[in-house]
Amino acid sequence: MTYGRGVRYAYRNGSMPGRCGAMAASFGRAKSKGKGSWIMAGLVEKLIEDAKGCPKRVALPECEADNTLLAARQVLDDGIGTPVLVSPREVIEETAARVNVSLEGMEIVDNTDEAAADALAERYMSTGTMRLISAKGARRKIKNPMYYAMMMEELGDVDCTF
């Protein structure tokens, strides 16, 4: 099925959802602008319904941003997925308190936990896949929450990183 001019218009004007349509829609990024809006609305609704049918574990590493926790709460409440917050626990709790978001039902992975980080790096290096990074390099990289989340995704601990 082709959508024709309306979809091209939607792309040009920024109303097309981002990397993950269902999450982008829940974050309010899918904007309605002129022609093609009804196509996008239907697409976004379909993506959300599909996501609810098979909720995924989603790693969210940028927990110092207010919008990350607000979006995580909405994703959990809407049944779209299960947020896995990857950042230092203090940062997550501070941000949640600042924006008044309950962390109930969300998993918190503290990337500053040395034992957990060492275990993750060891699992990452021992998968049998040839790596372009040393064990020491992997351990150094996962101090960054984004790398920690991506290693979790690579190992199957989460379904995606957003």
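Residues numbered from 1 in each chain as written. Predicted model: local features only at pLDDT ≥ 70, side-chain atom pairs only at ≥ 80, totals over all residues. Heavy atoms only, no water.

Further remarks concern the nonpolar core. Ranked by internal contacts, the top residues of the largest apolar core, which has 16 residues, are Val86, Leu120, Ile142, Tyr148 and Met152. Look past the residues within four positions of Val86 in its chain and what remains in contact with it is Ala59, Leu60, Pro61, Cys63, Val109, Asn111, Pro145, Tyr148, Ala149 and Met152. Within the second largest apolar cluster, 15 residues are counted, among which are Val58, Leu76, Ile92 and Phe162. (Core = buried A, V, L, I, M, F, W, Y, C linked by side-chain atoms within 4.5 Å. Buried < 20%, exposed > 50% of the residue type's maximum accessible area, 1.4 Å probe, protein only. Contact = heavy atoms within 4.5 Å.)

Bringing helix 4 (residues 66–77) into the picture now. With twelve residues, helix 4 ought to run about 16 Å at 1.5 Å a step, and its terminal C-alpha atoms sit 17 Å apart, in line with that. All buried positions along helix 4 are accounted for by Thr68, Leu69, Ala71, Ala72, Arg73, Val75 and Leu76. Following helix 4 by one or two positions, Gly79 adopts a phi angle in the positive range, close to 75 degrees. (Helix = DSSP H or I, 4+ residues; strand = E, 2+ residues; numbered from the N terminus. Expected span 1.5 Å × (residues − 1).)

As a further point, take the pairing of strand 2 (residues 81–86). Within strand 2, five of the six residues are buried, leaving the element largely enclosed by the surrounding structure. Two strands pair when backbone bridges link them, and strand 1 (residues 56–60) and strand 2 are joined in this way by five bridges, in the parallel orientation. Following the sheet pairing, Arg57 is matched in strand 2 by Thr82. Of the crossover connections in this fold, the one passing from strand 1 over helix 4 to the parallel strand 2 is right-handed. Direction of pairing for strand 2 relative to strand 3 (residues 107–109): parallel, over a ladder of three bridges. Each bridged residue has a counterpart across the sheet, and for Val86 the counterpart in strand 3 is Val109. (Pairing = 2+ DSSP bridges. Right-handed = clockwise from strand over helix to strand, strands pointing away.)

To continue, consider the packing of aromatic side chains. All told, the structure shown has zero aromatic pairs when counted by the stated rule. Geometry around Tyr124 places Arg131 over its ring, the cationic atom sitting 3.8 Å from the centre. (Phe/Tyr/Trp six-rings, centres within 6.5 Å; stacked < 30°, edge-to-face > 60°. Lys NZ or Arg CZ within 6 Å of the ring centre and 35° of its normal.)

With that out of the way, let us pick up a positive patch on the surface. There is a patch of like positive charges on the surface, built from Lys136, Arg140, Lys141 and Lys143. Examined against the element boundaries, Lys141 turns out to sit in helix 7 (residues 135–141). Overall, Lys141 belongs to the partly exposed group, its relative accessible area being 36%. (Patch = residues over 30% accessible without salt bridge, like charges linked within 9 Å, V, L, I, M, F, W, Y side chains within 5 Å. Areas by Shrake-Rupley, 256 points an atom, 1.4 Å probe, with all protein chains shown as cover. Salt bridge = Lys/Arg side-chain N within 4 Å of Asp/Glu carboxyl O. Lys, Arg positive; Asp, Glu negative; His and termini not counted. Charge placed at Lys NZ, Arg CZ, Asp CG, Glu CD.)

Now for the packing of helix 6 (residues 114–125) against helix 8 (residues 145–155). For the pair helix 6 and helix 8, the least separation of the axes is 10 Å and the interaxial angle reads 45 degrees. Relative to helix 8, the element helix 6 is oriented oblique. Seen from above, helix 6 lies across helix 8 with left-handed handedness. In this structure, helix 6 contributes Ala116, Ala117, Leu120, Arg123 and Tyr124 to the contact, and helix 8 contributes Tyr148, Met151, Met152, Glu154 and Leu155. (Axes fitted to C-alpha atoms, helices over the stretch in contact; angles between N-to-C directions. Parallel < 35°, antiparallel > 145°, perpendicular 65-115°, else oblique. Left-handed = near helix turned anticlockwise from the far one by under 90°.)

Geometry only, nothing functional implied.
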